[in-house]
Amino acid sequence: KLFREAGYDVVVFHAVGSGGRAMEQLMKEGVIGAVFDYALGEIADDVFGGLRAGGPERLTVAGALGLPQVICPGGAEHLGIFVEPNTVPDKYRDHKHVFHSPVVFVPRLNAEEIVQVAADICRRLKSTTGNAVFMLPLRGVRRYSVPSGPLHDAESDAAFFSALRAGLPASGEVVE
């Protein structure tokens, strides 16, 4: 509503891999002129092979084209993985987790894993030369990870934000 009131047309993409890929393509075609990107779970799933993987161009096109962008790492703290109904994969038994649905398992990334996601986000943003704001939501990047949420992990969040601060392009503004 606020974007429309300010005179912008809004196109919403669901961050399930195909949504991010479509958004990047429409930027290349000149249909999209600015981005408010608050769902970087597609990057986490790209790093770890989850179902929302956004592909190699995800989070690279706006910066390369010099488009204005506001970025928030929503959903980057967890993965989306198809499983047999209500089954926890052995690999993630020691992780906090929830089920988004009976067949979509959502494990919280630990500090070591989420630093890998931060490194990939920073790598993808290397071509960003300005006109970018990166927002760090210090009380959780998604409702699952807020202090009262089932995936809250202050230690992992701190490692994630520290890695982002260290690796984000100096040309962008960081707002905490």
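Residues numbered from 1 in each chain as written. Predicted model: local features only at pLDDT ≥ 70, side-chain atom pairs only at ≥ 80, totals over all residues. Heavy atoms only, no water.

Trainee: For this particular structure, what's the right way to read a nonpolar patch on the surface?
Mentor: Taken together, the side chains of Phe 3, Tyr 8, Val 10, Val 12, Phe 36, Tyr 38 and Met 135 present a nonpolar region at the surface, about 710 Å² in accessible area. Relative to the assigned elements, Phe 36 resides in strand β1 (residues 35–37). (Patch = residues over 30% accessible without salt bridge, like charges linked within 9 Å, V, L, I, M, F, W, Y side chains within 5 Å. Areas by Shrake-Rupley, 256 points an atom, 1.4 Å probe, with all protein chains shown as cover. Salt bridge = Lys/Arg side-chain N within 4 Å of Asp/Glu carboxyl O. Helix = DSSP H or I, 4+ residues; strand = E, 2+ residues; numbered from the N terminus.)

Trainee: Would you mind showing me how to read the environment of Phe 48 here?
Mentor: With respect to the helices and strands, the residue Phe 48 is situated in helix α3 (residues 41–48). Phe 48 sits 33 residues away from Ile 81 along the chain, and the two C-alpha atoms are 9.8 Å apart. Apart from the residues lying within four places of it in its own chain, the contact partners of Phe 48 are Leu 79, Leu 109, Glu 113, Gln 116 and Val 117. (Contact = heavy atoms within 4.5 Å.)

Trainee: Honestly, the sheet that holds strand β6 (residues 132–135) in this entry has me stumped. Any pointers?
Mentor: Each strand in a sheet pairs with another by means of backbone hydrogen bonds, the pair being arranged parallel or else antiparallel. If you walk across this open sheet you meet the four strands as β1-β2-β6-β7, and the pairing is parallel. The strands lining the two open edges of the sheet, one partner per strand, are β1 and β7 (173–175). The sheet shows a mean angle of 15° between the axes of neighbouring strands, taken without regard to direction. In this structure, β1 lies alongside strand β2 (residues 69–71), joined through three bridges in parallel fashion. (Pairing = 2+ DSSP bridges. Axes fitted to C-alpha atoms, helices over the stretch in contact; angles between N-to-C directions.)

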